[in-house]
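Examination of the molecular architecture
One letter stands for each residue in the lines below.
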Amino acid sequence: MGRMKRLIPLVAVLTLAGCANFKMPSFHPPGRPAPVERAPSSSEAMLSEANRIAERVKAGELTRVQAADQLNAYRLRNVGHNSVDDDVFATYRQIAVQREANQIGQEESQARMEAKLRETLRRWPKLKAKPANPAFTNFLLKVYGLPPLGY
């Protein structure tokens, strides 16, 4: 548990920096068959795309803001607009702009994003028109080790 608590901030910071290369470890008990392969969920596909884009940031091909914009374009192509993801992405992009301009550091960017995600989790039960697939928000919730939005 302690290792996971140390890993979550690192993953979150790398995601905001456009450098996430995070995969949840797969595990199944010995003597039991491996889980059946299934199509990735939208949030898993978003994580895969974030990892692909992160490689371009590491190579110096993209800035953090360009990476955020490319991840948003992917989201819009594959999931579309929804009020929850649009709101969370606006914060994500604002943080990327501030990080790029060295106005805030890693810890501040992580704290702001986590605060936004926790606010979204608190507001979700009261939301009257819940989007069917808040994939971007669920992707970030997974990265931050927070529970997904309930349906």
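Our subject is the structure that appears above.
Cut-offs and rules
- Residues numbered from 1 in each chain as written.
- Predicted model: local features only at pLDDT ≥ 70, side-chain atom pairs only at ≥ 80, totals over all residues.
- Heavy atoms only, no water.
- Helix = DSSP H or I, 4+ residues; strand = E, 2+ residues; numbered from the N terminus.
- Buried < 20%, exposed > 50% of the residue type's maximum accessible area, 1.4 Å probe, protein only.
- Contact = heavy atoms within 4.5 Å.
- Areas by Shrake-Rupley, 256 points an atom, 1.4 Å probe, with all protein chains shown as cover.

**Some thoughts on the overall build of the chain**
- Assigned secondary structure in the chain consists of six helices and zero strands.
- Helices and strands appear in the chain in the N-to-C order α-α-α-α-α-α.
- Sorting the 151 residues of the chain into buried and exposed places 40% on the buried side.
- When contacts within the chain are restricted to residue pairs at least 6 apart in sequence, those whose partners lie at least 24 apart make up 67%.
- Entry remark: accessible area of the chain is about 8900 Å², with carbon and sulfur atoms responsible for 54%.

**Let's talk about the environment of V88**
- Along the polypeptide, V88 turns up in helix α4 (residues 83-100).
- When the C-alpha atoms of V88 and L140 are compared, they prove to be 9.1 Å apart, with 52 residues separating the residues in sequence.
- Contact partners of V88, with chain neighbours within four places excluded, come to M113, K116, L117, T120, F136, T137 and L140.

Note that all results are geometric; they support no functional claim without further evidence.
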